[in-house]
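These are the residues of each chain, in order.
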Amino acid sequence: MGRSTKEDALVLAEFAVAQGIAVRTARNYRAEGRPEWVAFLRGRGRAARAAGGDAPMSDLQRARQVADENYKLLRQLQRDAAGAEDVVTRAAAARGVREARRAWEDARRDAERLEEAAGQLVPVAAVREVWRRGVTPLGSCMRTFANNVAGDLPPEWRPRFFAAVKREQVNWNASVAALDASLEGLMRGHD
């Protein structure tokens, strides 16, 4: 890495915190070109300085990795702040937590923007529209299903058919209710 700069020292310190290791151990990881160090550098847009001939990461992969690393750093700083004993240290740690939270939120928003652009994140409104256009007609179809089929059966078969439909409708209704609850749970809070 050559001569160490203040920026290099900060990056090394961030890596140590993110990994939960000592700075000295982080220096060893850097010197050995360990995968953790390489991935950390890539997440910060420093792939050119990382060792190894892996395929380059996409913007989305890099954004996700940056968000993950920022979250790890945030959690570590939160633990450090909780363990601070004096007021001055606690205040400094709280400032660090605020900055780390902001960095993580920015990274998460960037990743979500890229996920949506890549078609990997679907807006809640689109899911609700599919649900409205798909499930509502399906429910209507299922309500008339038994009568429509029974109309094609000989009259003597109809009582047994309706009894079988009634038994199976319990499973159908439970499955639809579970699906509905799952989708609503995913969409809750994202409107």
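My aim in this report is to walk through the structure given alongside it, one point at a time. The model shown is predicted, which means the values in this text are computed figures rather than measured ones. (Residues numbered from 1 in each chain as written. Predicted model: local features only at pLDDT ≥ 70, side-chain atom pairs only at ≥ 80, totals over all residues. Heavy atoms only, no water.)

1. Let's talk about the packing of helix H6 (residues 124-150) against helix H7 (residues 158-187)
Then step 1. As a packed pair, H6 and H7 sit with axes 11 Å apart at the nearest point and diverge in direction by 175°. Taken together, H6 and H7 sit at an angle that is classed as roughly antiparallel. Taking contact as the criterion, the partners of Val124, Val127, Arg128, Trp131, Leu138, Met142, Ala146, Asn147, Val149 and Ala150 in H6 are, on H7, Arg158, Phe161, Phe162, Val165, Trp172, Leu179, Asp180, Leu183, Glu184 and Met187.
Then step 2. Taken together, the residues of the contact of H6 with H7 sort by class into 15 nonpolar, 1 polar and 4 charged. (Axes fitted to C-alpha atoms, helices over the stretch in contact; angles between N-to-C directions. Helix = DSSP H or I, 4+ residues; strand = E, 2+ residues; numbered from the N terminus. Parallel < 35°, antiparallel > 145°, perpendicular 65-115°, else oblique. Contact = heavy atoms within 4.5 Å. Nonpolar A, V, L, I, M, F, W, Y, C, P; charged D, E, K, R; others polar.)

2. Points about a nonpolar patch on the surface
Then step 1. Together, Leu138, Trp172 and Val176 make up a nonpolar patch on the protein surface, roughly 230 Å² of accessible area in all.
Then step 2. With respect to the element layout, Leu138 can be found in helix H6.
Then step 3. For Leu138, a relative accessible area of 39% puts it in the partly exposed group. (Patch = residues over 30% accessible without salt bridge, like charges linked within 9 Å, V, L, I, M, F, W, Y side chains within 5 Å. Areas by Shrake-Rupley, 256 points an atom, 1.4 Å probe, with all protein chains shown as cover. Salt bridge = Lys/Arg side-chain N within 4 Å of Asp/Glu carboxyl O. Buried < 20%, exposed > 50% of the residue type's maximum accessible area, 1.4 Å probe, protein only.)

3. Description of the layout of surface pockets
Then step 1. Each pocket or cavity is described by its volume, and for the second largest pocket that value is around 180 Å³.
Then step 2. Elements represented by at least two residues in the lining of the second largest pocket include exactly H6 and H7.
Then step 3. The dominant element in the lining of the second largest pocket, judged by the number of residues it contributes, is H6, at 6 residues.
Then step 4. Partitioned by chemical class, the residues of the lining of the second largest pocket number 7 nonpolar, 3 polar and 1 charged. (1 Å grid on protein atoms, 1.4 Å probe; cavity = no way out; pocket = protein on both sides within 12 Å on 5 of 7 lines; lining within 4 Å. Points joined across faces, edges and corners; volume = space filled by probe spheres on them.)

4. Some thoughts on the packing of helix H3 (residues 35-43) against helix H4 (residues 59-83)
Then step 1. Interhelical geometry of H3 versus H4 gives an angle of 110° and a closest axis separation of 8 Å. Here H3 lies roughly perpendicular to H4, going by the angle between them. Contacts between H3 and H4 involve Ala39, Phe40, Arg42 and Gly43 on the former and, on the latter, Arg62, Gln65, Val66 and Glu69.
Then step 2. Among the residues forming the contact of H3 with H4, the class breakdown is 3 nonpolar, 2 polar and 3 charged.

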